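Each chain, letter by letter, is given below.
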Amino acid sequence: MINNTEFAKRLQKVIDYYGESASSFAEKIGVQRSSISHILSGRNKPSLEFVLKVLSSFPEVELYWLLNGKGNFPAEKNSTEIKSEIPPRPESQNLFSEVEEKTTETNSTSISQIQQHSKKEIERIVIFYKDGSFQNFENS
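Residues numbered from 1 in each chain as written. Predicted model: local features only at pLDDT ≥ 70, side-chain atom pairs only at ≥ 80, totals over all residues. Heavy atoms only, no water.

**Student:** What is the right way to look at the overall build of the protein chain in this model?
**Tutor:** In terms of regular secondary structure, the protein chain is built from eight helices and two strands. Burial statistics for the protein chain: of 140 residues in total, 23% are counted as buried. Taking all contacts inside the protein chain whose residues are at least 6 apart in sequence as the whole, residues at least 24 apart take part in 39%. Accessible area for the protein chain stands at about 10200 Å²; split by element, carbon and sulfur atoms hold 50% of it. (Helix = DSSP H or I, 4+ residues; strand = E, 2+ residues; numbered from the N terminus. Buried < 20%, exposed > 50% of the residue type's maximum accessible area, 1.4 Å probe, protein only. Contact = heavy atoms within 4.5 Å. Areas by Shrake-Rupley, 256 points an atom, 1.4 Å probe, with all protein chains shown as cover.)

**Student:** Would you explain the pattern of salt bridges in this entry?
**Tutor:** It is possible for side chains bearing opposite charge to pair when their charged atoms get close. Applying the stated criterion across every chain yields a total of three salt bridges. With a shortest N-O distance of 2.5 Å, E20 and K28 are connected by a salt bridge. Between K53 and E49 there is a salt bridge, and its shortest N-O distance comes to 3.5 Å. Highlighted residues: K53 and E49, both in helix α4 (residues 48-57), separated by four residues, approximately one helical turn. (Salt bridge = Lys/Arg side-chain N within 4 Å of Asp/Glu carboxyl O.)

**Student:** Explain the confidence of the model for the protein chain here, please?
**Tutor:** Should pLDDT be low for a region, the predicted coordinates there are not to be read in detail. Here the protein chain averages 77 in pLDDT, while 67% of its residues score no lower than 70. Here residues 79-84 scores under 50 on pLDDT; set against residues more than four positions off or in separate chains, the count is eight contacts. Every residue in residues 91-107 scores below 50 in pLDDT, and together they form two contacts with partners more than four places removed in sequence or on other chains. (pLDDT = per-residue confidence, 0-100.)

**Student:** Can you walk me through the pairing of strand β1 (residues 124-128) in this structure?
**Tutor:** Sheet faces and side chains relate simply in a regular strand, where the side chains alternate between the two faces. With five bridges joining them, β1 and strand β2 (residues 134-138) adopt antiparallel strand pairing. Residue pairing in the sheet places V126 in a bridge with N136 of β2. The antiparallel hairpin formed by β1 and β2 contains five residues in its connecting segment, where G132 sits at a positive phi of about 95°. (Pairing = 2+ DSSP bridges.)

**Student:** Help me out: how do you make sense of the environment of W65 in this one?
**Tutor:** Among the secondary structure elements, W65 is positioned in helix α5 (residues 63-68). When its relative accessible area of 6% is taken as the criterion, W65 is described as buried. Note: C-alpha distance between W65 and A75 (ten residues apart in sequence) is 8.9 Å. With residues up to four places along the chain from it excluded, the contact list for W65 reads R10, K13, V14, K70, G71, N72 and F73.

Now the structure itself:
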């Protein structure tokens, strides 16, 4: 569970690090100024959408650090501290083996081709890597 007070301190540290005001920070991540104010005061908890907006707008912010204070800010490349916090997955739990086989055949499939086939609009694709990092792709 996220500690609101500690999260607010880390968020304030991010805002200060970039030399932003709460208003300019809110504008950069695409939320209302009141959202920042409510989170900083401890009135509201941050939503997943809020956290993802911070991470996508400021790549130096690490997910684990922002949520629970573990890791570093600003992010250090190849940090062994973060990698040691992620337990290794046993080989028997390779969840992607079947998907990898299928994706090699259709590696050139575009988002628009997938949308045409499924008749649903894709909002976001998140790719998680074995080292604990991830990439967030939003459909524009």
